[in-house]
Amino acid sequence: MTATKIEVSVYIATSVDGFIARPDGDVSWLDEVEPLEGGGDAGYGEFFDSIDVLVMGRGSYEKLLEFREVLGIAWPYGTKPVIVLSKSLKEVPEDLRDRVKIERAAPQELVEKLSQAGYQHMYLDGGKVIQSFLRAGLVDEMTLTIIPVLIGEGIPLFGTVDEDIKLRLLESRSWDNGFVQSRYQVLN
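Not measured: the values here are computed from a predicted model.

It is worth spelling out the overall build of the protein chain at this point. Scanning the protein chain from terminus to terminus reveals 4 helices and 10 strands. In the protein chain, the succession of α and β elements from N to C terminus is β-β-α-β-α-β-β-α-β-α-β-β-β-β. The globule rule puts the C-alpha radius of gyration for 188 residues at 16 Å, and the 16 Å found for the protein chain is close to it. Along the three orthogonal principal directions, the C-alpha set of the protein chain runs to about 50 × 40 × 30 Å. In the protein chain, which comprises 188 residues, the share counted as buried stands at 40%. Long-range contacts, defined here as pairs at least 24 residues apart, represent 72% of the contacts in the protein chain between residues at least 6 apart. Carbon together with sulfur atoms contributes 50% to the accessible area of the protein chain, which is approximately 10600 Å² in total.

As structure tokens, this is what we get:
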């Protein structure tokens, strides 16, 4: 059986000035914006239902563990498989071992591995992970939700690139609270 290439997608919020978190990883500014009318999730639930594996970096993963420990927030991904890319992490908490795995693979190697395992749609989360997959030419689609706030400094969504990465706008929409969401096809 020949594996087909897994679809690789990004779905992330960013400040107007392009940051996904404050310099220390704090994302509380996301909680301070006016919610969508009617309590909507800007399409995140539908997107999440379409993916079958999530890949994140160590920083995003450790922030989730901190939320669980300090704030008592439940693991947000249910039983969906999560791959954490890290060269330094060794193990995951006992209650997450059935769904969280640590990988040290490079982006291309991980895409091949997950494709061969039968996964069809990967969700990338975390600035450095997204940047590394973009530089490797592996991202197929990005949904960016711009939150109407300037935070001045922080962790940028995009870093430097060796060459231009061209995008095709697939759709764009906005909400009364100022969110602007655009979905792009990445032209590799």
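In terms of nonpolar packing, the biggest core is built from 26 residues, with Leu54, Met56, Tyr61, Trp75, Tyr77, Val82 and Val100 touching the most fellow members. For this core, the elements supplying multiple residues, two or more each, are α1 (44-50), β3 (53-57), α2 (58-71), β4 (82-85) and β5 (100-103). Setting aside anything within four residues of it in sequence, one finds Trp75 in contact with Tyr61, Leu64, Arg68, Val82, Leu96, Arg99 and Val100. Within the second largest apolar cluster, 25 residues are counted, among which are Val53, Leu124, Leu134 and Leu144.

This next bit is on the environment of Glu163. Considering the arrangement of structural elements, one finds Glu163 in the loop between β8 (155-156) and β9 (166-174). In sequence terms Glu163 and Arg135 are 28 residues apart; their C-alpha atoms lie 8.6 Å from each other.

So, on to the sheet that holds β5. Ordered by their spatial adjacency, 8 strands build an open sheet running β5-β4-β3-β6-β1-β7-β10-β9, and the pairing between neighbours is mixed. Every interior strand has two partners, whereas the edge strands, β5 and β9, have only one. Mean inter-strand twist for the sheet, computed between neighbouring axes without regard to direction, equals 25 degrees. The pairing of strand β1 (residues 7-15) with strand β6 (residues 121-125) spans 4 bridges and is parallel. In the sheet register, Val8 faces β6, and the bridge partner there is Met122. Helix-sheet contacts for helix α3 (residues 107-116) involve β1, β3, β4, β5 and β6, and the interaxial angle to β3 is about 160 degrees. Contacts from helix α4 (residues 127-135) reach β1, β3, β4, β6, β7 (141-147) and β10 (180-187) within the one sheet, and its direction differs from that of β6 by about 125 degrees.

Scanning the entire structure with this criterion turns up 11 salt bridges. Between Arg99 and Asp98 there is a salt bridge; the shortest N-O distance is 3.2 Å. By relative accessible area, Arg99 is classed as buried at 19%. For Asp98, a relative accessible area of 60% translates into the label exposed. Between Glu103 and Lys113 there is a salt bridge, and its shortest N-O distance comes to 2.6 Å. Linking Glu103 in strand β5 with Lys113 in helix α3, this pair joins segments that are 10 residues apart in sequence. With a relative accessible area of 41%, Lys113 lands in the partly exposed category. Here the residues in one salt-bridge network are Glu91, Glu94 and Arg97, joined through shared partners.

Rules of the game
Residues numbered from 1 in each chain as written. Predicted model: local features only at pLDDT ≥ 70, side-chain atom pairs only at ≥ 80, totals over all residues. Heavy atoms only, no water. Helix = DSSP H or I, 4+ residues; strand = E, 2+ residues; numbered from the N terminus. Rg over C-alpha atoms; globule rule 2.2 N^0.38 Å. Buried < 20%, exposed > 50% of the residue type's maximum accessible area, 1.4 Å probe, protein only. Contact = heavy atoms within 4.5 Å. Areas by Shrake-Rupley, 256 points an atom, 1.4 Å probe, with all protein chains shown as cover. Core = buried A, V, L, I, M, F, W, Y, C linked by side-chain atoms within 4.5 Å. Pairing = 2+ DSSP bridges. Axes fitted to C-alpha atoms, helices over the stretch in contact; angles between N-to-C directions. Salt bridge = Lys/Arg side-chain N within 4 Å of Asp/Glu carboxyl O.

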